[in-house]
Amino acid sequence: MVETTTSGGLVLPDQILPPNLFVLPINGPIAYPTLLAPLLISNPRHVAMIEEAINRQRLIGILATRDGEPAEETKLSDLYDVGVVAKIIKRLRMPDGSVNLLIHCMRRFRAKRAFSENPYIVVETEYLEDIVEKSNEMDALTRSVISYVKKLSEVNPFFTDEMRLAMINAPGPGTVADLVAFALSLPKTDAQDFLETLSVKSRFEKLLVHLRREQNVADLQKKINDEVNHKLTKLQREFFLKEQLKTIKRELGYEEDGKEKSSRTFRERIESAGMPDEVRKIALSELEKFETISEQSPEYNIARSYLETLVSLPWSNETIDDLDLDHAREVLDADHFGLEKVKERIIEFLAVRKLRKDVKGSIICLVGPPGVGKTSIGKSIAKTLGRSFFRFSLGGMRDEAEIKGHRRTYVGAMPGKLIQGMKRAGTINPVLMLDEVDKLGQSFQGDPASALLEVLDPEQNSSFLDHYLDVPYDLSKVLFVLTANSTATIPGPLLDRMEVIEIPGYTLEEKERIATQYVIPRELEKNGIKPSQLRIEKAALRRMMIDYAREPGLRSLQQLVSRICRKAAAKIVTRETKKSERHSAIVVTEESLLSWLGPQRFYNEVVERITAPGVVVGLAWTAMGGDILFIEATDFPGAGNLKLTGQMGEVMTESAAIAWSYVKKKLAQDKKYDRKYFKSHDFHLHIPAGAIPKDGPSAGVTMATALYSLISGRKIKPRLAMTGELSLVGKVLAVGGVKEKVLAARRAGVTTVILPKHNEKDMFEIPEYAKKGMTFHFVSTVDEVFDLALVRSGEFKRKPERRVLRTKPAPVRRRLVVGSRAGRRSRSQLR
């Protein structure tokens, strides 16, 4: 039999609630009257308290902690004042000493004061009753709560049919409010506030706020679920429709869908590509994976791109070389003037191909200054052989992946430049030009030069492994043509794999013929001018090469001709309105160059600079070709020091020290000067164009001659230049870049050149017309240089006897050093 109290709690008829209760602190959900709830007790102190309560009336008071879990020494002040009295229905002891309880919450109570807090909390209780107001408003509130509960029962799992049935059979409105509050799982503070509210009306009002918020959340959740379900339903619907469409097309014999068509096309291309068996097996395996991937998967496009790259590469497509040597010579001569070494190498390659069919490709490196035709010769080689051509620049490349590709694990991965070039060339034996190989960079992303070692090694490139392809690819039939301005910056192992062909600068005669046959007609056509409308005289062209474009190549000359053509085009268009001048040709003469091109940029300083002893013309080699440099020496009172200026490098500084030691030794042996003279004077050796770094041993002879000329007072012969390395015992050693230096001397107006004896063998590389009008002396010792270079005179700058006995210091010699040709060249390039 159940009795209903005015508070809405359930109390057995024979149960009398005691005035004092044992208190069990909890941190879990707040319990409400009339509810059955499980509890797990693990604190030994609380377990003992439970045993004590069971031995008495099986009643305990449950109070929630204010902050966190109950401590070992929890006091009444740490708990809320209002809780529920509960009866222990069932107890189950656990192996670890804890107990599981099933309690029945009966009524609200308030803890008035504590009788004891140790070992158990025992409090004096005040039992609380619900305040029920019977009115229409109360009925409306009850119905609103029940209405919300019905709506939430569709989405909230706590509002089950059993919960609604319990609400209908509840003995009073207070019980309904407690059931709903427990089902809402309110936050701890809100739940405790609800427990402490005795007015049933106030409880319903608070419930409506929480129910309305819960309803809003449920509506939003339902909206999100509907959208997701709609998308899923749409995708499923599209999938089913596509499958049905495939089946219908298959039954009717119509064309298959995109994926099936791609798979069939890939399979046909794999079979017809002529791949090696290993590569073919991998390609078919990748195709099987591709067929199992959904078109909506991100992996679909990755697999498709990989297969597209595989089947697009030329695996067996090979062009047949044109082995007609006479035709090859005609093509090469028609496109380029000079470059005999390159042409001979191509003719040799064709001859070997004619004798042996399975010859491998070659690796040629063309080294020379800018503007001599290194890049354009690559196209001519491909044209001569009848092969396809692809070019890419290595200048500034810092990432190894640019050569060997990216691994497919990366987003946006792609093969390297070589595989891309083979794909575009379309054959397995194209001409690949790797431009500017001497300007490769290096960074934390790898060393591209090291990656090229595999590519340019004939023993390895037959199975080149690109990171993206991940299958071996044959590059052994490719003719590699590399270009560089200098071999100094190319790593040794990489340079060792190349056949280096040096392309020196052109002579004036060669440049004149190239300009007449190639440059001027090309620029006229480029600017829309007929040959009959513009004519550049031969004398004007030669003056342009001497005063405006003094370089080993033709790039600057081409720019000058282009400027003249543009100005001529403007004049031709202006003349169209004048009938009398319409048909007259524009002639560029030597005298009119100032109006066409402005003031000249270069001057012949060889004659102007040799005005006093101590000034000598030297020859140098640079990445831009050959050049001349002036070495100047002077002396003044001092302490016997030698000062060097002009940005000399370490090797050049050592050469200057060797030259100074030898000159002092020779003058001492000749007994013309003693130690007092050298100790009383400082000597200054300078190379103009101080902004340009200089290094190398080839100026040793020139510096020794400048110092000897200064001290002996003998001037250098006019239009004379020299080069050579000097040893400490006066031997003249061989140097490099002889052809470039000789051509530079010719451009500068030098007529006499002194060279080391061991460099006489290099003269056959210089054409006869480039040596015409010049005298060459080959020497073994620096004493021969002094005899050939210095003006023969018995008079010295100062008499030796007076130098030795002089007591007053000699007057300071002042020299105004004008800007060198090299310095003006660098400044003009900066402009």
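Residues numbered from 1 in each chain as written. Predicted model: local features only at pLDDT ≥ 70, side-chain atom pairs only at ≥ 80, totals over all residues. Heavy atoms only, no water.

1. A closer look at the overall build of the protein chain
The condition that has to hold: Strands are runs of DSSP state E lasting at least 2 residues, helices are runs of H or I lasting at least 4, and numbering of each runs from the N terminus. Between buried and exposed lies partly exposed: a residue is buried under 20% and exposed over 50% of the maximum accessible area for its type, with that area taken using a 1.4 Å probe on protein chains only. Contact definition: two residues touch when any of their heavy atoms are within 4.5 Å. Accessible surface area values rest on a Shrake-Rupley calculation with a 1.4 Å probe, where residue burial reflects the displayed protein chains alone.
Across its full length, the protein chain carries 29 helices and 26 strands. Going through the 831 residues of the protein chain one by one, you find that 48% of them count as buried. Taking the contacts inside the protein chain whose residues are at least 6 apart along the sequence as the reference set, 75% of them involve residues at least 24 apart. By element, 53% of the accessible surface of the protein chain is carried by carbon and sulfur atoms, the whole surface being about 42,600 Å².

2. Brief notes about a nonpolar patch on the surface
The condition is simple: Each patch is built from salt-bridge-free residues with over 30% relative accessible area, joining like charges within 9 Å and nonpolar side chains (Val, Leu, Ile, Met, Phe, Trp, Tyr) within 5 Å. Salt bridge criterion: a side-chain nitrogen from Lys or Arg within 4 Å of a carboxyl oxygen from Asp or Glu.
Taken together, Leu220, Ile224, Val228, Leu232 and Leu235 make up a surface patch of nonpolar side chains, about 450 Å² in accessible area. For valine 228, the position within the fold is in helix α6 (residues 200-252).

3. Focus on the environment of lysine 417
Relative to the elements of secondary structure, lysine 417 occurs in helix α14 (residues 417-425). Ignoring anything within four residues of it in the chain, the contact list for lysine 417 reads Phe390, Phe392, Met397, Glu402 and Ile403.

4. Focus on the pattern of salt bridges
It is possible for side chains bearing opposite charge to pair when their charged atoms get close. A full pass over the atoms with the stated rule returns 32 salt bridges. Linking arginine 269 and glutamate 308 is a salt bridge whose minimum nitrogen-to-oxygen distance equals 3.3 Å. Residue arginine 269 is located in helix α7 (residues 258-272), and its partner glutamate 308 is located in helix α9 (residues 298-312); the two are separated by 39 residues in the primary sequence. We classify arginine 269 as partly exposed; its relative accessible area is 28%.

5. So, the side chain of threonine 65
Where we set the bar: In the analysis that follows, any N or O atom pair within 3.5 Å is treated as a polar contact, provided that within protein one partner can donate a hydrogen and the other can accept it, and provided that, for residues neighboring in sequence, both atoms belong to side chains.
On the secondary structure map, threonine 65 appears in the loop between β5 (59-64) and β6 (82-93). Residue threonine 65 is classed as buried on the basis of its relative accessible area, which comes to 3%. A distance of 3.4 Å separates polar atoms of two side chains, one belonging to threonine 65 and the other to asparagine 27. Residues contacting threonine 65, with those up to four places away along its chain left out, are Pro25, Ile26, Asn27, Pro70, Asp78, Leu79, Tyr80 and Lys188.

6. Focus on the sheet that holds strand β9 (residues 363-367)
The condition is simple: Only strands joined by at least two bridges in the DSSP assignment are considered to pair. Lines fitted to the C-alpha atoms define the axes, with helices restricted to the stretch that makes contact. Angles between their N-to-C directions range from 0 to 180 degrees.
Within the open sheet, the five strands sit side by side as β10-β11-β14-β9-β15. Their pairing is parallel. The sheet terminates laterally at β10 (389-393) and β15 (499-502), the two strands that pair on one side only. Adjacent strand axes in the sheet meet at a mean angle of 20°, parallel and antiparallel pairs treated alike. The sheet strands contacting α14 are β10, β11 (431-435) and β14 (479-484), and the helix crosses β10 at an angle near 155°.

7. Points about the packing of aromatic side chains
Heads up, the rule is: In summary, the pairing rule links any two rings of Phe, Tyr or Trp, Trp by its six-membered ring, whose centres are within 6.5 Å, and it sorts them by plane angle into stacked for under 30 degrees, edge-to-face for over 60 and tilted for everything else. By definition here, charges over rings are those cases where NZ of Lys or CZ of Arg is within 6 Å of the ring centre and within 35 degrees of the ring normal.
Tallied over the full model, the rule gives 11 aromatic pairs. With centroids separated by 5.8 Å and ring planes inclined at 85°, the aromatic side chains of tyrosine 32 and phenylalanine 194 adopt a geometry described as edge-to-face. Of this pair, tyrosine 32 sits in the loop between β3 (20-26) and β4 (36-41) while phenylalanine 194 is found in helix α5 (residues 188-196), placing the two residues 162 residues apart along the sequence. The exposure class assigned to phenylalanine 194 is buried, which follows from its relative accessible area of 2%. Joined through ring pairs, the aromatic side chains of Phe266, Phe290 and Tyr300 make up one cluster. Its guanidinium or amino end placed over the ring of tyrosine 306, arginine 408 lies 3.7 Å from that ring's centre, counting from NZ or CZ.

8. Digging into the packing of helix α11 (residues 340-355) against helix α12 (residues 374-385)
The cut-off we apply is this: Every angle not falling under 35 degrees, over 145, or within 65 to 115 is termed oblique; those three ranges are roughly parallel, roughly antiparallel and roughly perpendicular. Two helices that cross are described as forming a left-handed crossing if the nearer one is turned anticlockwise from the farther one by less than a right angle, and a right-handed crossing if clockwise. Put simply, Ala, Val, Leu, Ile, Met, Phe, Trp, Tyr, Cys and Pro go in the nonpolar bin, Asp, Glu, Lys and Arg in the charged bin, and everything else, Gly too, in the polar bin.
Relative orientation of the contacting elements α11 and α12 amounts to 25°, with a least axis distance of 11 Å. Looking at the two axes, α11 sits roughly parallel to α12. With respect to the hand of their crossing, α11 and α12 are arranged in right-handed fashion. Contacts between α11 and α12 pair Val342, Ile346, Phe349 and Leu350 from the former with Ile377, Ile381, Thr384 and Leu385 from the latter. A class-by-class count of the residues in the contact of α11 with α12 yields seven nonpolar, one polar and no charged.

9. Let's talk about unusual backbone geometry
The omega angle of the peptide bond from asparagine 118 to proline 119 is 10°, so this bond is cis rather than trans. By secondary structure assignment, the location of proline 119 is in the loop between β7 (99-116) and β8 (122-127). Of note in the backbone geometry, threonine 34 takes a positive phi value of approximately 75° without being a glycine. Mapped onto the elements, threonine 34 comes out in the loop between β3 and β4. Of the residues examined, threonine 34 reaches a relative accessible area of 17% and is grouped as buried.

10. Quick word on the confidence of the model for the protein chain
Inclusion rule: The score called pLDDT rates the predictor's confidence residue by residue, from a low of 0 to a high of 100.
On average, the protein chain scores 79 in pLDDT, and the residues at 70 or more come to 87%. Scored below 50 in pLDDT, residues 1-14 shows 29 contacts in the model against residues more than four places distant or in partner chains. Long-range and interchain partners of residues 794-831, a stretch whose pLDDT sits below 50, account for 63 contacts in this model, where long-range means more than four residues apart.

11. Quick word on the packing of helix α10 (residues 325-335) against α12
It is the contact of α10 with α12, at a shortest axis distance of 9 Å, that shows an interaxial angle of 155°. Looking at the two axes, α10 sits roughly antiparallel to α12. Regarding α10 and α12, the two cross each other, and that crossing is right-handed. Each of Ala328, Val331, Leu332 and Asp335 in α10 lies in contact with α12, whose residues at this interface are Ser380, Lys383 and Thr384. Taken together, the residues of the contact of α10 with α12 break down into three nonpolar, two polar and two charged.

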